[in-house]
Structures are given as structure tokens and as C-alpha cells.
Amino acid sequence: QVQLVESGGGLAQAGGSLRLSCAASGRSFSRYSMGWFRQAPGKEREFVAAITRTGGSTYYEDSVKGRFTISRDNAKNTVYLQMNSLKPEDTAVYYCAADLGPPVADMSTYDYWGQGTQVTVAS
């Protein structure tokens, strides 16, 4: 069982930055690939980024490539999402998720989810 708690959301201006954190409970964090997803009002939840168990490989949705960076610290049981050059269309609730399998964009494969953190980008 893994519990995930996101933090770091808030209000940012367009062009600004935010850093999201996702803290995991338990001692098996390094067994999980981790992903970030987001859901804007009236839209379906979508993939943002994912990272392998060791952090050696990362994957991004096209619209965030070059702006967002996913990373993890297995010693701290935490995964991060550094978001730079924010745009109003990045406004959404951001969720982290844990997957015992390889990191993928398909949310149905993820085993555990956090409660989400709101990110609002003002123009």
C-alpha cells in the first residue's frame, strides 16, 4: 500500500514557475514508476510526465516538453514536477500516481493516486 500526498500548487503568473512535490508513504517507493497527470475543468484527466524507478528515464506529454521536468529522490520517497514557462492552459488539478509496471501514459495502469493539488496560471 502506498499513500501519495501532493503539495506545491498555487497561483502563478504566465511565464512563471512552480514546483510540485509528491511524498509517498512506505519503504517501497523505489519499486514504483511515478507519473504526473492533470485534469482541467470540464476535461478528462491527461498524462503530463512519468519517470522510471531509478529516475534514469523520463517521458513527457508534447505540450510540456522543454518546460516541465520530472525528477525523484528515492531516499526522500518524493517525486517532483518542476514547471517553468507556465501558460494559462496549464491550469488544472495535478495528480501524482504510482505504477508497479513501467512508466506509461495510460492512467488505467497506475495503482495508487494522490488527492491532487490545484495549479492556476493567470494571464
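Residues numbered from 1 in each chain as written. Predicted model: local features only at pLDDT ≥ 70, side-chain atom pairs only at ≥ 80, totals over all residues. Heavy atoms only, no water.

Looking now at the state of the cysteines. Disulfide: a covalent bond formed between the sulfur atoms of two cysteine residues. For the structure on display, the rule yields one disulfide. Residue pairing for Cys 22: its cysteine sulfur links by disulfide to Cys 96, the two sulfurs lying 1.9 Å apart. Here the S-S torsion is close to 50°, and the disulfide linking Cys 22 with Cys 96 is therefore right-handed. Of this pair, Cys 22 sits in strand β3 (residues 18-24) while Cys 96 is found in strand β9 (residues 92-99), placing the two residues 74 residues apart along the sequence. Note on Cys 22: relative accessible area 0%, which makes it buried. The buried category is assigned to Cys 96, whose relative accessible area is 0%. (Disulfide = S-S within 2.5 Å. Helix = DSSP H or I, 4+ residues; strand = E, 2+ residues; numbered from the N terminus. Buried < 20%, exposed > 50% of the residue type's maximum accessible area, 1.4 Å probe, protein only.)

Moving on, we come to the nonpolar core. Of all hydrophobic cores here, the largest spans 29 residues; its most connected members are Met 34, Trp 36, Leu 81, Met 83 and Tyr 94. Phe 37, Ala 50, Ala 97 and Tyr 110 belong to the second largest nonpolar core, which has five residues in total. (Core = buried A, V, L, I, M, F, W, Y, C linked by side-chain atoms within 4.5 Å.)

Attention now moves to the environment of Ala 122. Position of Ala 122 among the secondary structure elements: in strand β11 (residues 117-122). Take Ala 122: its relative accessible area is 23%, and that puts it in the partly exposed class. Residues Ala 122 and Glu 89, 33 residues apart in the sequence, show an inter-C-alpha distance of 9.4 Å. For Ala 122, the residues in contact, after removing those within four places along its chain, are Leu 11, Ala 12, Gln 13 and Ala 14. (Contact = heavy atoms within 4.5 Å.)

Bringing the packing of aromatic side chains into the picture now. Under the criterion given, the structure shown has five aromatic pairs. Centre to centre, the rings of Phe 37 and Tyr 110 are 5.1 Å apart; their planes meet at 80°, and the pair counts as edge-to-face. With Phe 37 in strand β4 (residues 33-39) and Tyr 110 in the loop between β9 and β10 (112-113), this residue pair connects regions lying 73 residues apart in the sequence. Both residues of the pair, Phe 37 and Tyr 110, count as buried. When the centroid spacing of 5.0 Å and the interplanar angle of 50° are considered together, the rings of Phe 37 and Trp 113 count as tilted. Taken together, the residues span a long stretch of sequence, with Phe 37 in strand β4 and Trp 113 in strand β10 at a distance of 76 residues. Relative accessible area serves as the criterion here: at 0%, Phe 37 is assigned to the buried category. (Phe/Tyr/Trp six-rings, centres within 6.5 Å; stacked < 30°, edge-to-face > 60°.)

All right, on to unusual backbone geometry then. Backbone geometry at Asn 77 places phi at a positive 55°, although glycine is not the residue there. Of note, Asn 77 is situated in the loop between β7 (68-73) and β8 (78-83). Residue Asn 77 is classed as buried on the basis of its relative accessible area, which comes to 16%. Phi at Ser 85 is positive, roughly 50°, even though this residue is not glycine. Following the sequence through the fold, Ser 85 ends up in the loop between β8 and β9.

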